Amino acid sequence: MDFTAIDFETANYQRESACQLAAVRVESGQVVDRQVWLIRPRPFFFSYRNIAIHGIEPHQVEDEPEFGELWPRISHHFDSTCLVAHNAPFDIGVLVACLKAHSLCVPEFQFTCTRMISRAVWPGQSGYGLKRIADSLGIQFKHHDALEDAEACARILLAAAGKSATANLEELESQYRLHRGQANATEYRGAKKDSRRRTIFPTHLEGLR
């Protein structure tokens, strides 16, 4: 099981206002690297609501690099593997928005969503937020800290693989008919579950298919 779990925190309601980013690399089912970066958002504006959620204040990032300065130094953490996030439309949306806001090329990458995966693997839950699923699995973490959230996301995916007895992400996706999302400079396609029912043929008709 190889992937990189990511998580963003934002300074305000704008997708490109990232103020913290984390990446947790998993190889052969083991966490092998953890990275976290503070980011000075542009424009430099924090909403009280966002500060209340993640606790990051303007003075903590005022001397940090903007995303455009940081990306060339960290982009290698995001290549050659599938990116994973809990509620991927948000985190992948932030990544793409930050790249475009800083006139950086959006590299081609694939991604999936542990919220979607959790719905498939553990149906019938009362909710599928990161904390609720992590709590149900006994995963302890500090919510809304990017590194803690990214590692919790990674642990959820590993737990899903264990529950479904799958050795890699491709097997897990095949078992639950899940499709990865994809993004590049000109396209964004979200991760999704195939909702079409599989056709079951009666045994005596199998030879006629």
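For the structure, see preceding data.
Worth saying up front: this structure is predicted, and the values here are computed from it rather than measured. (Residues numbered from 1 in each chain as written. Predicted model: local features only at pLDDT ≥ 70, side-chain atom pairs only at ≥ 80, totals over all residues. Heavy atoms only, no water.)

Draft legend 1. Geometry of the overall build of the protein. Along its length, the protein carries eight helices and nine strands. Taking 209 residues into account, the globule formula puts the C-alpha radius of gyration at 17 Å, and the protein, at 19 Å, falls close to it. The dimensions of the protein, computed from C-alpha atoms along their principal axes, are 70 × 40 × 30 Å. The buried share of the protein, taken over its 209 residues, is 48%. (Helix = DSSP H or I, 4+ residues; strand = E, 2+ residues; numbered from the N terminus. Rg over C-alpha atoms; globule rule 2.2 N^0.38 Å. Buried < 20%, exposed > 50% of the residue type's maximum accessible area, 1.4 Å probe, protein only.)

Draft legend 2. Summary view of helix 5 (residues 114-121). Burial runs high along helix 5: six of the eight residues are buried. For helix 5, the set of buried residues is Thr114, Met116, Ile117, Ser118, Ala120 and Val121.

Draft legend 3. A look at empty space enclosed by the protein. One pass over the full model with this rule turns up one cavity of 30 Å³ or more. Looking at the largest cavity, its volume works out to about 30 Å³. Of the residues that constitute the lining of the largest cavity, the class distribution is five nonpolar, one polar and three charged. (1 Å grid on protein atoms, 1.4 Å probe; cavity = no way out; pocket = protein on both sides within 12 Å on 5 of 7 lines; lining within 4 Å. Points joined across faces, edges and corners; volume = space filled by probe spheres on them. Nonpolar A, V, L, I, M, F, W, Y, C, P; charged D, E, K, R; others polar.)

Draft legend 4. Structural context of helix 4 (residues 88-101). Over its 14 residues, helix 4 extends 19 Å from the first C-alpha to the last, a length consistent with the 20 Å expected when each residue adds 1.5 Å. Among the residues of helix 4, those classed as buried are Ala88, Asp91, Ile92, Gly93, Val94, Leu95, Val96, Ala97, Cys98 and Leu99. Downstream of helix 4 by a residue or two, Ser103 has a phi angle that is positive, lying close to 55°. (Expected span 1.5 Å × (residues − 1).)

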